[in-house]
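Below are the chains, spelled out letter by letter.
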Amino acid sequence: MDPATQRKAFERVVREYSEQLYWQARRIVLTHDDADDVIQNVFLKAWTHLDDFHQDSRLSTWLYRITINESVDFVRRKKNQSIVSTDQEETGIANMLLADNYFDGDETQALLQEAIAQLPDVQRTVFNLRYYDDMKYSDMSELLKTSEGSLKASYHIAVKKISDFFKRHD
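What counts, and where the lines are drawn
- Residues numbered from 1 in each chain as written.
- Predicted model: local features only at pLDDT ≥ 70, side-chain atom pairs only at ≥ 80, totals over all residues.
- Heavy atoms only, no water.
- 1 Å grid on protein atoms, 1.4 Å probe; cavity = no way out; pocket = protein on both sides within 12 Å on 5 of 7 lines; lining within 4 Å.
- Points joined across faces, edges and corners; volume = space filled by probe spheres on them.
- Helix = DSSP H or I, 4+ residues; strand = E, 2+ residues; numbered from the N terminus.
- Nonpolar A, V, L, I, M, F, W, Y, C, P; charged D, E, K, R; others polar.
- Axes fitted to C-alpha atoms, helices over the stretch in contact; angles between N-to-C directions.
- Parallel < 35°, antiparallel > 145°, perpendicular 65-115°, else oblique.
- Left-handed = near helix turned anticlockwise from the far one by under 90°.
- Contact = heavy atoms within 4.5 Å.
- Salt bridge = Lys/Arg side-chain N within 4 Å of Asp/Glu carboxyl O.
- Buried < 20%, exposed > 50% of the residue type's maximum accessible area, 1.4 Å probe, protein only.
- Phe/Tyr/Trp six-rings, centres within 6.5 Å; stacked < 30°, edge-to-face > 60°.
- Core = buried A, V, L, I, M, F, W, Y, C linked by side-chain atoms within 4.5 Å.

**Side note on the layout of surface pockets**
Empty space among the atoms becomes apparent when a probe as large as a water molecule is rolled across them.
So, point 1. The space that makes up the second largest pocket amounts to roughly 310 Å³.
So, point 2. Taken together, 14 residues form the lining of the second largest pocket, with Trp23, Phe103, Asp104, Gln113 and Tyr132 sitting closest to its centre.
So, point 3. Taken together, the elements giving at least two residues each to the lining of the second largest pocket come down to α1 (3-29) and α5 (107-117).
So, point 4. Among the residues forming the lining of the second largest pocket, the class breakdown is eight nonpolar, three polar and three charged.

See the structure below:
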């Protein structure tokens, strides 16, 4: 495929998947600005590794996998670099989200995001995919390269932890 055709095709992919991938990243990194940064990295990585996509999975699966990995890596780097300010730690994620102009949820939704953010990476990812995207365990298994049984267990443990979080905040 000539470079101009490849670029046009990739622009179409960006248009088609940007919103879905943005929301997937946003649920992991929480803020609009961070999600924008992650999505830029996702499409840059997808473009530079386009030759590595051998169509052994769907394009959407490949892009979701890149998005999840980039989002989780972003959160880890942020934690490791101690970028989170002391004020942010003290006020909590819920308050940070309620102050974010791009967050359109209420206090309960902000608390849900705080509870989800406290989950380990795998549980957080599985919960987000199941709860928000209503993704089937078989699709998650392909995406995350993990057994369905393990994913079901992770989801149920995540639900229990979130439920416990809300009981403590009543």
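The discussion continues.
**Side note on the packing of α5 against helix α8 (residues 148-168)**
So, point 1. Axis separation between α5 and α8 bottoms out at 9 Å; the angle between their running directions is 125 degrees. The angle between the axes of α5 and α8 places the two elements in the oblique class. Regarding α5 and α8, the two cross each other, and that crossing is right-handed. In this structure, α5 contributes Thr108, Leu111, Leu112, Glu114, Ala115 and Ile116 to the contact, and α8 contributes Ile162, Phe165 and Phe166.
So, point 2. In terms of residue class, the contact of α5 with α8 is built from seven nonpolar, one polar and one charged.

**Considerations on the pattern of salt bridges**
So, point 1. Under the counting rule described, the total for this entry stands at six salt bridges.
So, point 2. A salt bridge links Lys45 to Glu70; its shortest N-O distance comes to 2.6 Å. Highlighted residues: Lys45 in helix α2 (residues 32-48) and Glu70 in helix α3 (residues 59-80), separated in sequence by 25 residues.
So, point 3. Across the salt bridge formed by Arg124 and Asp121, the nearest N and O atoms sit 2.4 Å from each other. Of this pair, Arg124 and Asp121 both sit in helix α6 (residues 121-131), three residues apart, roughly one helical turn. Of the two residues examined, Arg124 and Asp121, each falls in the buried class.
So, point 4. Each member of the salt-bridge network shares a partner with another, and the members are Asp73, Arg76, Asp121 and Arg124.

**Points about unusual backbone geometry**
So, point 1. In this structure, Leu30 takes a positive phi of about 80 degrees despite not being glycine.
So, point 2. Overall, the relative accessible area of 8% leaves Leu30 in the buried class.
So, point 3. A positive phi angle, near 55 degrees, is found at Lys145, a position not held by glycine.
So, point 4. Among the secondary structure elements, Lys145 is positioned in the loop between α7 (137-144) and α8.

**Notes on the packing of aromatic side chains**
So, point 1. In the structure shown here, the tally under the stated rule is eight aromatic pairs.
So, point 2. Judged by centre distance (5.8 Å) and plane angle (85 degrees), the rings of Phe165 and Phe166 are edge-to-face.
So, point 3. For Phe166, a relative accessible area of 24% corresponds to the partly exposed category.
So, point 4. Pairwise contacts between aromatic rings join Phe127, Tyr131, Tyr132, Tyr137 and Tyr155 into one cluster.

**Brief notes about the nonpolar core**
So, point 1. Ranked by size, the top nonpolar core spans 40 residues in total, and within it Leu21, Ile39, Leu63, Phe127, Leu129, Met140 and Ile162 carry the most contacts.
So, point 2. When contributions to this core are tallied by element, the ones reaching two or more residues are α1, α2, α3, α5, α6, α7 and α8.
So, point 3. Apart from residues no more than four positions distant in its own chain, Ile162 is found in contact with Leu112, Ala115, Ile116, Leu119 and Phe127.

**Here we look at the packing of α1 against α2**
A pair of packed helices can be characterised by two numbers: the angle between their axes and the separation between those axes.
So, point 1. For the pair α1 and α2, the least separation of the axes is 9 Å and the interaxial angle reads 140 degrees. Judged by the sense of rotation from one axis to the other, the crossing of α1 with α2 is right-handed. Every residue of α2 that contacts α1 at Gln6, Arg7, Phe10, Val14, Tyr17, Ser18, Leu21, Tyr22, Ala25, Arg26 and Val29 is listed here: His32, Asp34, Ala35, Asp36, Val38, Ile39, Val42, Phe43, Ala46 and Trp47.
So, point 2. When grouped by side-chain class, the residues that make up the contact of α1 with α2 number 14 nonpolar, three polar and four charged.

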